[in-house]
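# Descriptive analysis of the structure
Residue-level listing of the chains:
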Amino acid sequence: MNPGMYQNLYKILLKALGEGHRLVQKMKAKIDDFKSPKITNKDETVVDFPDQGLDESDPGRIATTELDIERADSEQIKDVLTDIEKIIDYGPQKFKQLPIDQQGNAFRNFKRFERKMIMAPDEGVTSLQKPEAPVLKMESGKPFEGEGLESLQKKFGLPKGSPGPRKSKMDQGIINLKRSFADVESSAAELGEEVDQAAKIEDDIFSAGRLRDLQNQAELRGVARALIIDDIKAGKLKNLSPGMREGMLNPSGSGLDGDPLDVLFRYYGPDASEVLDMLVKKHGATPDGIDLIKLDLKNKVDIQPDFEFKPRDIPMPTLGGKEGKIPLTQNEVVEFLTGVDKEGNPVSIKKLKFYNDNFDFEDYSADTQYYLKRFLTEEDQKEFLKNLPSNINIKGIFEQKQKPNFTIEELEGLKFKYKPKTEDPDDLVEAPGLPNIMAV
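Residues numbered from 1 in each chain as written. Predicted model: local features only at pLDDT ≥ 70, side-chain atom pairs only at ≥ 80, totals over all residues. Heavy atoms only, no water.

In this section: the overall build of the protein. Check the secondary structure of the protein and you find 18 helices and zero strands. A burial count over the protein gives 51% of its 440 residues as buried. Looking at the protein alone, contacts between residues at least 24 apart form 73% of all its contacts between residues at least 6 apart. Only carbon and sulfur atoms are counted for the fraction: they give 51% of the accessible area of the protein, which is about 21600 Å². (Helix = DSSP H or I, 4+ residues; strand = E, 2+ residues; numbered from the N terminus. Buried < 20%, exposed > 50% of the residue type's maximum accessible area, 1.4 Å probe, protein only. Contact = heavy atoms within 4.5 Å. Areas by Shrake-Rupley, 256 points an atom, 1.4 Å probe, with all protein chains shown as cover.)

Printed below as a string of structure tokens:
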């Protein structure tokens, strides 16, 4: 039996808290119980997770309210965990019976909680910063010469003449967020050293169990990228955005040019993600291991006969999003909103039209709502906002808790309108650098 969206919430919570956390274990037990026949002998149950007293008529705030979790303090996070446990207690079967809008609300709040754990680990239950292991070149397997994650992030920074990074807590949070999604495709040995070191010094922030989770994610991400690259070069994986395709083939290390795990899920499907995770644990992420994984996929070793590991032409839609939209990277979202690329050069009208057509308000991998909120509400970002999606609900913007720093007329004027131009792009007026939102 397929636990559906409940399984996706589990994966988010696993990323946020690690497999050793009580709530993660409880949610896994619910999924295992859903998939397996009921155990009639109570003594055979290894771990019992009693429900906390579920009111079946009320799924709680996680499903019914858009929570501002990113701004929550440590006491409020405790309340959020209580709300999350209420959703966990529902179990896959009861959760699937909730209205689709409540399922979508729960998904978005789980993602906000995950982001909060990344952006402000000091206020949460555990830290989620990834270790800054060396970034490897997928083609050669060798590290970037003299460049760890930190130097790559600095290299990715602002063009000459742009405003420098601020030192606010939110900007530090953005740095942590970028680190958390960076493609750290290093070997098991490299991350294993971090694990051993954390275990020796009994580090409360980087627990050995949490780093093992990061190691597993890094290996899965590296293998996913290798298979995605093969399919791109073979012409099998199409309909990637220009930035996503380049990010898969030549990752910058910033995490802003797409995540192979998101591509794997959206283009290959949730079953492919689970199968690949199983094979990575079986064979590892070394070059020989990847070759064995390819053989197992081809010969369907320990895989359902009807399973096919191949990309679909049309990516899966986000929950609540429209089918047929091509996923954008975070870089591309900011390029559309500002009208300039990361070097400060004007973006072509043709590319802006592509971004507008595929702008997905529900895409949390691209952080579309997050960037929109910052550009609309933060005074020092106002001057950089040059485009809004043509289908954006201006009235809805003013109904939000945080009001925009724009008038209705100004926002209507920012809606993208496709007007083919004949001017040379070099004649266009260059915007005043990149916004602080991209500062690292």
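Anyway, onward from the coordinates.
Let us look at unusual backbone geometry. For Asp 302, which is not a glycine, the phi torsion comes out positive at approximately 60°. Mapping Asp 302 onto the fold places it in the loop between α13 (287-299) and α14 (330-338). Phi at Asp 367 takes a positive value of approximately 55°, unusual for a residue other than glycine. Along the chain, Asp 367 falls in the loop between α15 (349-358) and α16 (368-377).

At their nearest, the axes of helix α1 (residues 5-17) and helix α4 (residues 74-96) sit 9 Å apart, and the two run at 150° to each other. As α1 runs across α4, the sense of the crossing is left-handed. Facing α1, whose interface residues are Met 5, Tyr 6, Leu 9, Leu 13 and Leu 17, α4 presents Leu 81, Ile 84, Ile 87, Ile 88, Gly 91, Pro 92 and Phe 95. Taken together, the residues of the contact of α1 with α4 break down into 11 nonpolar, one polar and no charged. (Axes fitted to C-alpha atoms, helices over the stretch in contact; angles between N-to-C directions. Left-handed = near helix turned anticlockwise from the far one by under 90°. Nonpolar A, V, L, I, M, F, W, Y, C, P; charged D, E, K, R; others polar.)

What follows deals with the nonpolar core. In this structure, Leu 9, Leu 13, Ile 84, Phe 110 and Phe 113 are the most contacted members of the largest nonpolar core, which totals 31 residues. In terms of nonpolar packing, the next biggest core, distinct from the first, is built from 30 residues, Ile 232, Met 248, Val 263 and Ile 290 among them. (Core = buried A, V, L, I, M, F, W, Y, C linked by side-chain atoms within 4.5 Å.)

For the structure shown, the criterion picks out 19 salt bridges. Residue Arg 61 pairs with Asp 83 through a salt bridge whose shortest N-O separation is 2.4 Å. Separated by 22 residues along the polypeptide, Arg 61 in helix α3 (residues 61-64) and Asp 83 in helix α4 bring together distant segments of the chain. On the basis of relative accessibility, which here comes to 37%, the residue Arg 61 falls in the partly exposed class. Notably, a salt bridge pairs Glu 362 with Arg 108, separated by 3.0 Å at the nearest N-O pair. (Salt bridge = Lys/Arg side-chain N within 4 Å of Asp/Glu carboxyl O.)

A word on the confidence of the model for the protein. Averaged over all residues, the pLDDT of the protein is 74; the fraction at 70 or higher stands at 68%. For the stretch residues 39-49, pLDDT sits under 50, and the model shows seven contacts to residues farther than four places along the chain or on other chains. (pLDDT = per-residue confidence, 0-100.)

Their axes nearest at 10 Å, the elements helix α2 (residues 22-35) and α4 cross at an angle of 5°. For the element pair α2 / α4, the angle class is roughly parallel. In contact with Arg 22, Leu 23, Lys 26, Met 27, Lys 30, Ile 31 and Phe 34 of α2, α4 contributes Leu 81, Ile 84, Glu 85, Ile 88, Asp 89, Gly 91, Pro 92, Gln 93 and Lys 96. Its residues placed into classes, the contact of α2 with α4 shows eight nonpolar, two polar and six charged. (Parallel < 35°, antiparallel > 145°, perpendicular 65-115°, else oblique.)

Let us now look at α16. Counted residue by residue, α16 has eight buried out of 10 residues, so it is predominantly covered. Restricting attention to buried positions, one finds in α16 the residues Thr 368, Tyr 370, Tyr 371, Leu 372, Arg 374, Phe 375, Leu 376 and Thr 377.

Okay, the packing of aromatic side chains next. One pass over the full model with this rule turns up seven aromatic pairs. Each ring, one from Phe 336 and one from Phe 359, has its centre 5.7 Å from the other, and the planes form 50°; the classification is tilted. Within this pair, whereas Phe 336 is found in helix α14, its partner Phe 359 is found in the loop between α15 and α16, the two being separated by 23 residues in sequence. For the pair shown, Phe 336 and Phe 359 are each scored as buried. In this arrangement the basic side chain of Lys 382 is found over the ring face of Phe 406, its NZ or CZ atom lying 5.2 Å from the centre. (Phe/Tyr/Trp six-rings, centres within 6.5 Å; stacked < 30°, edge-to-face > 60°. Lys NZ or Arg CZ within 6 Å of the ring centre and 35° of its normal.)

The next point concerns helix α11 (residues 260-268). Given 3.6 residues to a turn, an α-helix orients residues that are three or four positions apart in the same direction. Taken across its nine residues, α11 has seven buried, putting it largely inside the fold. All of the buried residues along α11 are Pro 260, Leu 261, Val 263, Leu 264, Arg 266, Tyr 267 and Tyr 268. For α11, the N-terminal capping position is held by Asp 259, with its side-chain oxygen 2.9 Å away from the main-chain nitrogen of Leu 261. A positive phi of about 100° marks Gly 269, the residue just after α11. (Polar contact = N/O pair within 3.5 Å; in protein donor to acceptor, adjacent residues only side chain to side chain.)

What follows deals with the environment of Phe 359. A residue is classified by how much of its surface remains accessible, and Phe 359, at 1% relative accessible area, is buried. Sequence separation of Phe 359 and Leu 328 is 31 residues, and the distance between their C-alpha atoms is 7.3 Å. Other than its neighbours up to four places away in sequence, Phe 359 contacts Lys 325, Leu 328, Val 333, Phe 336, Leu 337, Thr 368, Leu 372 and Pro 389.

Its relative accessible area of 13% is what places Asp 83 among the buried residues. In this structure, Asp 83 is in contact with Arg 61 and Ile 62, ignoring residues within four places of it in sequence.

Along the polypeptide, Lys 415 turns up in the segment after α18 (408-414). Spatially, the C-alpha atoms of Lys 415 and Lys 386 are 8.7 Å apart, while their sequence positions differ by 29 residues. When neighbours within four sequence positions are excluded, Lys 415 is seen to be in contact with Leu 388, Pro 389, Ser 390, Ile 392 and Ile 394.

Turning next to the side chain of Asn 387. With respect to the helices, strands and loops of the structure, Asn 387 is situated in the loop between α16 and α17 (394-398). For Asn 387, the side chain forms a polar contact with the main-chain oxygen of Phe 336, separated by 2.9 Å. Apart from residues no more than four positions distant in its own chain, Asn 387 is found in contact with Phe 336, Leu 337, Gly 339, Leu 352, Leu 414 and Phe 416.

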